[in-house]
Amino acid sequence: MNAVAASLAPEAPRTAVVLLGTGVVGRALLTLLGTPAAGSLRLVGAANSRRQHVFADGLRPADVPDALAKARDGRDNAPLLAALDATGAGRKVVIDATACTKEATRHAEWLERGYHVVTANKALAGGHLQGWRALQAASAGGAVYGDAATVGAGLPVLSTLRRLRRCGDSLLTLEGVFSGSLSWLFNQYDGSRPFSALLGDARRLGFTEPDPRSDLSGEDVARKLLIIARHAGFALGSDEVEVESLVPEPLRDLDTKAFLERLGELDEPLARRHAEAKAKGKVLRYLARLNQRGRARVGLVEVGPDHPASRLSGTDNQFALTTTRYHSTPLVIQGPGAGPEITAQALLGDVLAL
Ligand SMILES: NC(=O)C1=CN([C@@H]2O[C@H](COP(=O)(O)OP(=O)(O)OC[C@H]3O[C@@H](n4cnc5c(N)ncnc54)[C@H](OP(=O)(O)O)[C@@H]3O)[C@@H](O)[C@H]2O)C=CC1
Ligand SMILES: N[C@@H](CC=O)C(=O)O
């Protein structure tokens, strides 16, 4: 019997959860919810973009895809929240594993209503400053915002920053590689295979955003930079990050399907950038930087063999934090920064930490 099945019982669970999003990350989380680590949780509802299914006594995680395929009601969060309430659980949690901006705008409201929110979706915390402020105000009521998955796919970046700040330390500068997919792409790319073919692989491996332009445009990296900077006390607006997009102009306004059919148009400009860097003995890395004056930039940079980002592999992210106490050399957090399993684990970890 799986772990959540073991908790299918009429008495109130300690923690009840609903899951929004059953894509790459959501499915990996459903797998983890079926393991003993999740034994104390009761999953009472799940939704994709079109439908939801609720069952107050608990859903077996493995049954969710089937239940959603058979569900008839159109998309509505009210029955999911009602299912959480009906459990009488001490901790009621909404897990957001979508990339949907509309759902993200509801995070603050859910917190205000006493639901904990655990999210991989960065659209609110990494969006307009107003949204970030609404989140801070809503969290003051006691409900917890679990955001480990929003930066570094769960690498201990935000938790470290919070701990340093509690001790009175302050972030001075920040630099690194914040995108797992762009890291993987530029760590692999040597000109022998077209960039578009590698991007296809990165999508299949679950590293990219649902629309890979969110990665290639720098938007996803900028969101992570904003989340970290805001945690560190920099009140940065989303329009204050200088962002270099790798998406050619004619591909920017297409729908996702049309964009995916024209991926080949990425190849020539990137092959040229790669050759230029190679001629100087350098490699390309998509870097994020925040300086002491709060100036933020994300974009493609040629780095030499002495630069720490030149030695990354796989989906490695790297966050170099210079603080008032980590001053002569930065505190560096490095490791895989994309992938369904580690992201799902970050979500589960935040739920279990409640
Ligand atoms: N992949 C990774 O390595 C990491 C991803 N993340 C974040 O995780 C999130 C999910 O990514 P991923 O799983 O790759 O994306 P997918 O596109 O694979 O899945 C997204 C899921 O969200 C569902 N969805 C969309 N809108 C809604 C809605 N309004 N209500 C309920 N469900 C909705 C989609 O439904 P449908 O199936 O109907 O399309 C789909 O099931 C993103 O925010 C991403 O930034 C964070 C860290 C790492
Ligand atoms: N698409 C993102 C996934 C994690 O946030 C990335 O490539 O880093």
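Residues numbered from 1 in each chain as written. Chains lettered and ligands numbered in written order. Predicted model: local features only at pLDDT ≥ 70, side-chain atom pairs only at ≥ 80, totals over all residues.

Trainee: What should I look at first to understand the pairing of strand 11 (residues 316-323) in this one?
Mentor: The two faces of the sheet receive side chains in turn, since in a regular strand these alternate between them. Pairing between strand 7 (residues 171-177) and strand 11: six bridges, direction antiparallel. Note that in strand 11 the partner of Thr-173 across the bridge is Thr-322. With six bridges connecting them, strand 11 and strand 12 (residues 331-336) associate as antiparallel partners. Note on strand 12: the bridge partner recorded for Phe-319 is Ile-333. (Pairing = 2+ DSSP bridges. Helix = DSSP H or I, 4+ residues; strand = E, 2+ residues; numbered from the N terminus.)

Trainee: Is there a simple way to explain the UniProt feature "binding site: NADPH" (unreviewed entry) in the protein in this structure?
Mentor: According to UniProt, the "binding site: NADPH" (unreviewed entry) feature falls on Thr-98 and Lys-122. What stands out for the annotated residues spanning 25 residues is how close their C-alpha atoms remain, the widest pair being 9.4 Å apart. By C-beta crowding, Thr-98 is classed as buried, having 24 other C-beta atoms within 10 Å. Aside from chain neighbours lying at most four places away, what touches Thr-98 is Leu-20, Gly-21, Glu-103 and Asn-121. Summarising the element assignment, Lys-122 is placed in the loop between strand 5 (116-119) and helix 7 (129-139). Among all residues touching Lys-122, those that are not within four sequence positions of it are Thr-150, Arg-223, Lys-224 and Ile-227. (UniProt positions renumbered as here; feature names shortened; annotations may be inferred. Buried ≥ 20, exposed ≤ 12 C-beta atoms within 10 Å, placed from the backbone. Contact = placed C-beta atoms within 7 Å.)

Trainee: Could you clarify how one ought to interpret the nonpolar core in this entry?
Mentor: Note on soluble globular proteins: their nonpolar side chains tend to be buried together. Within the largest apolar cluster, 98 residues are counted, with the highest numbers of intra-cluster contacts made by Val-18, Leu-29, Ile-95, Leu-225 and Leu-347. Setting aside residues no more than four positions away along its own chain, Leu-225 makes contact with Phe-178, Val-241, Ala-288, Leu-290, Ala-296 and Val-298. (Core = buried A, V, L, I, M, F, W, Y, C linked by C-beta atoms within 7 Å.)

Trainee: For this particular structure, what's the right way to read the domain arrangement of the protein?
Mentor: Reports often express the size of an interface as the amount of accessible area lost when the parts come together. Entries for the protein in the domain assignment read domain 1 (3-155 + 341-352) and domain 2 (158-336). Computed from C-alpha coordinates alone, the two centres of domain 1 and domain 2 are separated by 28 Å. At the interface, 18 residues of domain 1 touch 20 residues of domain 2. Residues belonging to the side of domain 1 that touches domain 2 are distributed by class as follows: ten nonpolar, six polar and two charged. (Domains from an automatic or database assignment. Nonpolar A, V, L, I, M, F, W, Y, C, P; charged D, E, K, R; others polar.)

Trainee: Before we go on, may I ask you to explain the sheet that holds strand 3 (residues 52-54) in this structure?
Mentor: The strands that make up a sheet are held in pairs by hydrogen bonds between backbone atoms, and each pair lies either parallel or antiparallel. If you trace the six strands from one edge of the open sheet to the other, you get 3-2-1-4-5-6, paired in mixed fashion. Looking along the sheet, the strands with just one partner apiece sit at the ends: strand 3 and strand 6 (145-146). In this sheet, strand 6 lies alongside strand 5 in parallel orientation, the contact comprising two bridges. Paired with Val-118 across the bridge in strand 6 is Gly-146. Running at roughly 165° to strand 2 (residues 41-47), helix 4 (residues 78-87) makes contact with strand 1 (15-20), strand 2, strand 3 and strand 4 (91-96) of the sheet. (Axes fitted to C-alpha atoms, helices over the stretch in contact; angles between N-to-C directions.)

Trainee: Please clarify how the sheet that holds strand 12 should be interpreted in this entry.
Mentor: Overall, mixed pairing links the six strands, which are arranged 8-10-9-7-11-12 in an open sheet. Looking at strand neighbours, the two that pair on one side only are strand 8 (241-243) and strand 12, the edges of this open sheet. In this sheet, adjacent strand axes meet at a mean angle of 25° when their direction is disregarded. With eight bridges joining them, strand 9 (residues 283-290) and strand 10 (residues 296-303) adopt antiparallel strand pairing. When the bridges of strand 10 are listed, Arg-289 appears paired with Arg-297. Packed onto the sheet, helix 9 (residues 180-188) meets strand 7, strand 9, strand 11 and strand 12 and runs at close to 150° relative to strand 9. Contacts from helix 14 (residues 267-279) reach strand 9 and strand 10, with the element oriented near 95° to strand 9.

Trainee: Would you take a moment to explain the site of ligand 1 for this structure?
Mentor: Taken together, 32 residues lie around ligand 1, and Gly-21, Gly-23, Val-25, Ala-120 and Pro-210 are the ones closest in. Among the elements of the structure, helix 2 (24-33), helix 5 (101-104) and helix 15 (340-352) are those that each provide at least two residues to the shell around ligand 1. No other element matches helix 2, which puts three residues into the shell around ligand 1. Its residues placed into classes, the shell around ligand 1 shows 14 nonpolar, twelve polar and six charged. Residue contributions to the shell around ligand 1 reach at least three from each of two domains, namely domain 1 (3-155 + 341-352) and domain 2 (158-336). (Near = placed C-beta within 6 Å.)

Trainee: Just to check I follow, could you spell out the site of ligand 2 for this structure?
Mentor: Every residue close to ligand 2 is listed here: Ala-153, Ser-179, Gly-180, Ser-181, Phe-207, Thr-208, Glu-209, Asp-215, Asp-220, Gly-337 and Ala-338. Residue composition of the shell around ligand 2, grouped by class: three nonpolar, five polar and three charged.

Trainee: Hey, could you run me through the UniProt feature "active site" (unreviewed entry) in the protein in this one?
Mentor: Mapped onto this numbering, the UniProt entry annotates "active site" (unreviewed entry) at Lys-224. Structurally, the position occupied by Lys-224 is in helix 12 (residues 219-231). In this structure Lys-224 comes out as buried when scored by C-beta crowding, with 25 C-beta atoms within 10 Å. Excluding anything up to four places from it in sequence, Lys-224 contacts Lys-122, Gly-126, Val-151 and Phe-178.

Trainee: Any chance you could explain the packing of helix 9 against helix 10 (residues 195-204) here in plain terms?
Mentor: Between two packed helices, what matters for the description is the angle formed by their axes and the separation of those axes. Packing of helix 9 against helix 10 brings their axes to within 10 Å, and their N-to-C directions diverge by 140°. Regarding the angle of helix 9 to helix 10, the classification is oblique. Classified by chirality, the crossing of helix 10 by helix 9 is right-handed. Facing Ser-181, Trp-184, Leu-185 and Gln-188 of helix 9, the residues of helix 10 in contact are Phe-195, Leu-198, Leu-199 and Ala-202. Looking at side-chain class alone, the contact of helix 9 with helix 10 contains six nonpolar, two polar and no charged residues. (Parallel < 35°, antiparallel > 145°, perpendicular 65-115°, else oblique. Left-handed = near helix turned anticlockwise from the far one by under 90°.)

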